[in-house]
Amino acid sequence: MISAKKHNKSQKRFSLNKVFTSAFSVLFLIFLSLTISVYYQLNTFRAALESSLLDSIPTIISFDSIANRSERLVFYTEKLSTADSHPALRIANKKIQSELNQIEEQLRAAKLDEVVLKEYEAIKFELDELDDLVTLRLETNQKASDVERKLYALFDEAKALSATISKATGTSSSSWFEEFSQLTIMSANLMSADKLNQIRKSSQKIRNKYAYIQTIQPAYLGERLSTLNADFQDIVLGEQGLINLRVKQLRIKGRTTGRGNFTEKLVSDFARALNFKSAVINKKILANAQNEKETIDLQIRLLGFFVFICIVLFGFIAWQLRQRVIVRLIGLNNYVSQFDRKFLNTKLKDEISDIALTFDSYVDTIEQQKKELSQLAMQDGLTKIANRRAFDKLFLNTFDLAKRNKQALSILLIDVDFFKMYNDEYGHIKGDEALIAVATTLKQSLKREVDLIARYGGEEFVCLLPNCDHEGACKVAEDLRLAIETLKEPHKSSSVAEHITISIGGATIRNTEVSSISPQFMLKEADIALYRVKSKGRNAVQVSRL
Ligand SMILES: Nc1nc2c(ncn2[C@@H]2O[C@H](COP(=O)(O)OP(=O)(O)OP(=O)(O)O)[C@@H](O)[C@H]2O)c(=O)[nH]1
């Protein structure tokens, strides 16, 4: 079984599985935190936008709208307080009511705080009060006008009475009527007096004049005059007389003006308060937007930083992938395809190194097996010495070398004598053992490293003796023959000896003649020599010189 070579124990192991799992986990976590951060930021941004769009901006718009309506309300309040007729009052009231309705609707929609609502209620109350005052003023005005008319009617009556006096007395005018005319003018002038003090002074003068007139009135007018006086008393000096009405008029006017100004101020304040609130919300929105902008800026910078880190990490992982996996796999492929150890890289302790080491073991094993196979291919299966193929190959190479170097070369053909009989006598198994013994002895008998003994076929062996001349070849042949004889392997059926013997026929080429002789020829000559030895009785050697 093939086992991978072990890593150096001091080297820390980095499993590729762990490396890539950790790297991708880190990237995944960064990606996840990026996603969460972006999601959180977008949500915050959405909430801020929602708060601005759905809450603050509509509130500002409704505040502005209420403030605008309030400013219009100021205008109509002025119209109301200065209304000098009932139609004008009705128009002003209608406009005010319309504005109030709109304001109330918007106030409800804007969900404003209690203070604003109370202010609004106060405005409504003041407007009602103002309306009452203006109505009262118009009624008083009407009464004053009626009384004024009555005054002029009374004057006409006095005038007619004066004419009657003139007719009766024969004079063109009476001093009474003159005084009465002045009294009427003084009374009529009350209508143009716009100060209470003036009215008080005038009323005193009127009373004095009225008292004086009574002292100068003609006695013969009798009852007619007393009615006139009583009417004057009612029209000017009475409870509902012109003086009291004018005082009331001025007082109501003062109150109306005061209330009107107060209400206008109240409405203006209300509008200002709304404008202020709107400005505050506006400021808040701007502050929020600024905060959001700063947060988003920070997030963008953070995002950029994270993206940068991600790119660096991706680059690092890609580089690691290339260095740790791709480059090493290419190296491994080169190693496997070219069997060149320079491509073998097992520095890192991981799965690829494991594979590389396993391949390395396979390569070792294959090379070992190749060696063994090539050895087996050149070895004789029975005797374990070189076989004929090995001999043929080496013989041709040695022959070429000898030819080139002009060296002597010898070969010996060795044949075990009467081996057929040996087999017949002892059986094939014994025969095999005998051949093994002969081969081993022959091999051990050779002294030079370069000499080769091979099994040529059957019970025949061949010996290759490079750079060996005729004399040397004869000596080696004789040594071999002697070694087998010394073996004393019993061979009863042999007619040469009682033990196994060999016959050797050889051939030697001299250095000068090498070029004209072929390896086949040399073998043939050795075979002829062997034949001769056999013919002469065996257990002998003969080497031909070529
Ligand atoms: N046991 C055994 N016998 C073999 C082997 N190879 C060849 N032989 C036998 O060797 C014998 C050779 O016989 P022959 O060629 O007649 O030669 P010989 O009997 O030695 O006679 P000479 O060569 O004339 O002395 C044959 O009987 C072969 O069967 C082998 O590997 N094992």
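Remember, it's a predicted structure, so these values are computed and weren't measured experimentally. The numbering scheme is per chain: residues are counted from 1 as the chain's sequence reads. Where totals are concerned, whole chains, interfaces and linings use all residues; where local detail is concerned, this predicted model gives features only for residues with pLDDT of at least 70, and gives and counts side-chain atom pairs only at 80 or more. Hydrogens and water molecules were not included; the side-chain quantities draw on all heavy atoms of the structure.

## Notes on the nonpolar core
Keep this limit in mind: The definition of a nonpolar core used throughout is a set of buried Ala, Val, Leu, Ile, Met, Phe, Trp, Tyr and Cys residues joined through side-chain atoms within 4.5 Å. Relative accessibility under 20% of the residue-type maximum defines a buried residue, over 50% an exposed one, and the middle range a partly exposed one, all with a 1.4 Å probe and only protein chains included. Secondary structure is summarised from DSSP: a helix means a run of H or I of at least four residues, a strand means a run of E of at least two, and numbering begins at the N terminus for each.
Among the nonpolar cores identified, the biggest contains 30 residues, and Leu73, Leu80, Leu107, Leu112, Phe270 and Leu274 are the most heavily contacted of them. Among the secondary structure elements, those contributing two or more residues to this core are α1 (16-81), α2 (86-110), α3 (114-169) and α7 (242-338). With 8 residues, α1 is the single largest residue contributor to this core. Ranked by size, the runner-up nonpolar core spans 29 residues in total, among them Ala158, Leu161, Leu190 and Phe232.

## What about helix α9 (residues 388-405)?
Rule in force here: What a helix is expected to span follows from its residue count: subtract one and scale by 1.5 Å. The directions from the helix axis to the C-beta atoms form the arc being described. Contacts are assigned to residue pairs that have any heavy atoms within 4.5 Å of one another. In protein, a polar contact means a hydrogen-donor-capable atom and an acceptor-capable atom, both N or O and within 3.5 Å, with residues adjacent in sequence counting only if both atoms are side-chain atoms; elsewhere, any N or O pair within 3.5 Å suffices.
Here α9 contains 18 residues, and its C-alpha end-to-end distance of 25 Å stays within 8% of the 26 Å for a straight helix at 1.5 Å per residue. Taken as a whole, α9 has its buried residues at Ala390, Phe391, Phe395, Thr398, Phe399 and Ala402. End-on view of α9: buried residues confined to an arc of 150°, all on one side of the axis. What points out from α9, more than 90 degrees from its buried face, is the exposed set Arg389, Lys393 and Arg404. Looking at the buried positions of α9, the neighbouring elements they touch are β1 (409-416), β2 (452-457), β3 (460-466), β4 (502-509) and α13 (519-535). Capping the start of α9 is the job of one residue whose side-chain oxygen sits 3.2 Å from the backbone nitrogen of arginine 389: asparagine 387. Directly beyond the C-terminal end of α9, a positive phi value near 55° is found at lysine 406.

## Side note on the sheet that holds strand β5 (residues 541-545)
Across a sheet, paired strands are connected by hydrogen bonds in the backbone, their directions being either parallel or antiparallel. We count it as follows: Two strands pair under a simple rule: DSSP has to find at least two bridges between them. Fitting a line to C-alpha atoms yields each axis, with helices limited to the stretch in contact; the angle taken between N-to-C directions then spans 0 to 180 degrees.
A sheet is described by the order of its strands in space; here 5 strands give the open sequence β2-β3-β1-β4-β5, paired in mixed fashion. With one partner strand each, in any of the chains shown, β2 and β5 form the two edges of the open sheet. Here the average twist between neighbouring strands, direction ignored, is 20°. With respect to the sheet, helix α11 (residues 428-445) is in contact with β1, β2, β3 and β4, its orientation differing from that of β3 by roughly 10°.

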